[in-house]
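Listed here are the chains, written in short residue letters.
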Amino acid sequence: VRIYRPAAMPPSAYAPMVTALGAAIKKLKVLGFSPSARTTPVYVYLKKLPAGVDGYYVGSGWSVDNSSLEINLDNVITAGKLAVLQRTVYHEYFHMVQARFDPRYAYTQAQFNAPQLWFDEACSVWFEKFAPAAGGDTSSYMSTNASEVLAGHHMDCSGLARAYKALKKKVDNHGYGLSMMLEYLFTQGPAGTVGKANPILVNTYTSLHGGATIRDAFVANVPPVATWWD
């Protein structure tokens, strides 16, 4: 990990962020993902971000190995923000891993939203709860966007350029709400193996990287949708 932070910040101040990143890596390994494909350090920038923004995954048009994470400095240095910091690291680091399975060129990834954007967001919100060693909670993204799911089961949100900000937000929100679908599949549904090496996510991403659409990749790796969707 290569951390960029204010010069006066001692290692003890950002140690919780590093610990959260380690927890994310361990749990992603449990799910079948490997961080070893990255050939460079994970770049993390601790910096002031706009109000209400906890962090970003920042893609690189040059290479996915040059991608980075931005974490809101306020959540690192403010007492009582540890849970927010941890969830942010879990969420954004999973986006960094997901990018390796995106079959598009790095430049295209950096410039345009992916057809699998809804799935990426659903996975990262769900992972906020799965990553902690003793289990945790998701951010408010799941609950506040639950109604988006009722608008329809949109399995493919392709063709949304970054310029269409309103549409992007709609897809983001839909994905946040659909994290409840993963919550069901991994805890109560036919594939319920919470905390274990359930292969649904890694297999879906592997299929996606192999050229399948996100709809086909997802449907091929979960139980028959008609048996659990209702």
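Keep in mind that this is a model prediction, so the values were computed, not measured.

Section: helix α3 (residues 82-98)
Stage number 1. In a regular helix each residue adds 1.5 Å, so 17 residues correspond to 24 Å; α3 covers 24 Å between its end C-alpha atoms and thus fits that length.
Stage number 2. Judged by how many residues are buried, α3 sits mostly within the fold: 12 of 17 residues are covered.

Quick notes on the packing of aromatic side chains
Stage number 1. Inspection of every chain in the model, using the stated rule, returns 16 aromatic pairs.
Stage number 2. With centroids separated by 6.5 Å and ring planes inclined at 55°, the aromatic side chains of Phe-94 and Tyr-205 adopt a geometry described as tilted. Of this pair, Phe-94 sits in helix α3 while Tyr-205 sits in helix α9 (residues 200-209), placing them 111 residues apart in sequence.
Stage number 3. By relative accessible area, Phe-94 is classed as buried at 0%.
Stage number 4. Both rings, one in Phe-119 and one in Tyr-205, keep their centres 5.3 Å apart while their planes meet at 45°; by these two values the pair is tilted. With Phe-119 in helix α5 (residues 117-130) and Tyr-205 in helix α9, this residue pair connects regions lying 86 residues apart in the sequence.
Stage number 5. Three or more aromatic residues joined by ring pairs form one cluster here, namely Phe-33, Tyr-90, Phe-94, Phe-101, Trp-118, Phe-119, Trp-126, Phe-127, Phe-130, Phe-186, Tyr-205 and Phe-218.

Notes on the side chain of Asp-120
Stage number 1. Positionally, Asp-120 belongs in helix α5.
Stage number 2. Buried charge without a partner: Asp-120 forms no salt bridge, and the closest opposite charge is Arg-104, 6.8 Å away.
Stage number 3. A polar contact is formed between the side chain of Asp-120 and the side chain of Tyr-205, at a distance of 2.6 Å.
Stage number 4. With near-sequence residues (within four places) excluded, Asp-120 lies in contact with His-95, Gln-98 and Tyr-205.

Points about the pairing of strand β2 (residues 43-47)
Stage number 1. In the sheet, strand β1 (residues 2-4) pairs with β2 via three bridges, with the strands oriented parallel. Its bridge partner lying in β2, Ile-3 is registered against Val-44.
Stage number 2. As a crossover connection, the stretch from β1 through helix α1 (residues 11-30) into β2 is left-handed.
Stage number 3. Where β2 and strand β4 (residues 68-72) come together, five bridges link them in parallel fashion. When the sheet's bridge partners are listed, Tyr-43 is paired in β4 with Ser-68.

A look at the sheet that holds strand β3 (residues 55-58)
Stage number 1. Ordered in space as β1-β2-β4-β3, the four strands form an open sheet in which the pairing is mixed. Since the sheet does not close on itself, it has two edges, and those belong to β1 and β3, each with one partner. When the angles between neighbouring strand axes are averaged without regard to direction, this sheet yields 20°.
Stage number 2. With respect to the sheet, α3 is in contact with β3 and β4, its orientation differing from that of β4 by roughly 160°.

Quick look at the pattern of salt bridges
Stage number 1. The full count for this structure, using the stated rule, is six salt bridges.
Stage number 2. The shortest N-O distance in the salt bridge between Asp-65 and Arg-100 comes to 2.9 Å. Pair noted here: Asp-65 is in the loop between β3 and β4 and Arg-100 is in the loop between α3 and α4 (106-111), with a separation of 35 residues, a long-range link.
Stage number 3. Accessibility expressed as a relative area gives 27% for Arg-100, which makes it partly exposed.

Each value, and the rule that gives it
- Each chain has its residues counted from 1, running along the sequence as written.
- It should be noted that, the model being predicted, local features are given only for residues of pLDDT at least 70 and side-chain atom pairs only at 80 or more, the latter also being counted only at that level, while totals for whole chains, interfaces and linings use all residues.
- By convention in this description, side-chain values take in all heavy atoms of the structure and omit both hydrogens and water.
- Helix and strand assignments follow DSSP, with helices taken as H or I runs no shorter than four residues and strands as E runs no shorter than two, numbered in order from the N terminus.
- Expected helix span is given by 1.5 Å per residue-to-residue step, counting one fewer step than there are residues.
- Remark: exposure states derive from per-residue accessible area (1.4 Å probe, protein chains only) relative to the maximum for the residue type, with buried under 20%, exposed over 50%, and partly exposed in between.
- The aromatic pairing rule takes the rings of Phe, Tyr and Trp, using the six-membered ring of Trp, and pairs them if the centres are within 6.5 Å, calling planes under 30 degrees apart stacked, those over 60 edge-to-face and the rest tilted.
- When charges are tallied, Lys and Arg are placed among the positive residues and Asp and Glu among the negative ones, while His and the ends of the chain are skipped.
- Just to be clear on terms, a salt bridge is a Lys or Arg side-chain nitrogen sitting within 4 Å of an Asp or Glu carboxyl oxygen.
- N or O atoms closer than or at 3.5 Å make up a polar contact, with two conditions inside protein: a donor-capable atom paired with an acceptor-capable one, and, for residues adjacent in sequence, both atoms drawn from side chains.
- By the convention used here, residues are in contact when the closest approach between their heavy atoms is within 4.5 Å.
- Pairing between strands requires that DSSP locate at least two bridges from one strand to the other.
- Here is how to tell: hold the view so the strands point away, follow the path from the first strand over the helix to the second, and if it runs clockwise the crossover is right-handed.
- Orientation is described by lines fitted to C-alpha atoms, with helices fitted over the stretch in contact, and by angles between N-to-C directions that extend from 0 to 180 degrees.

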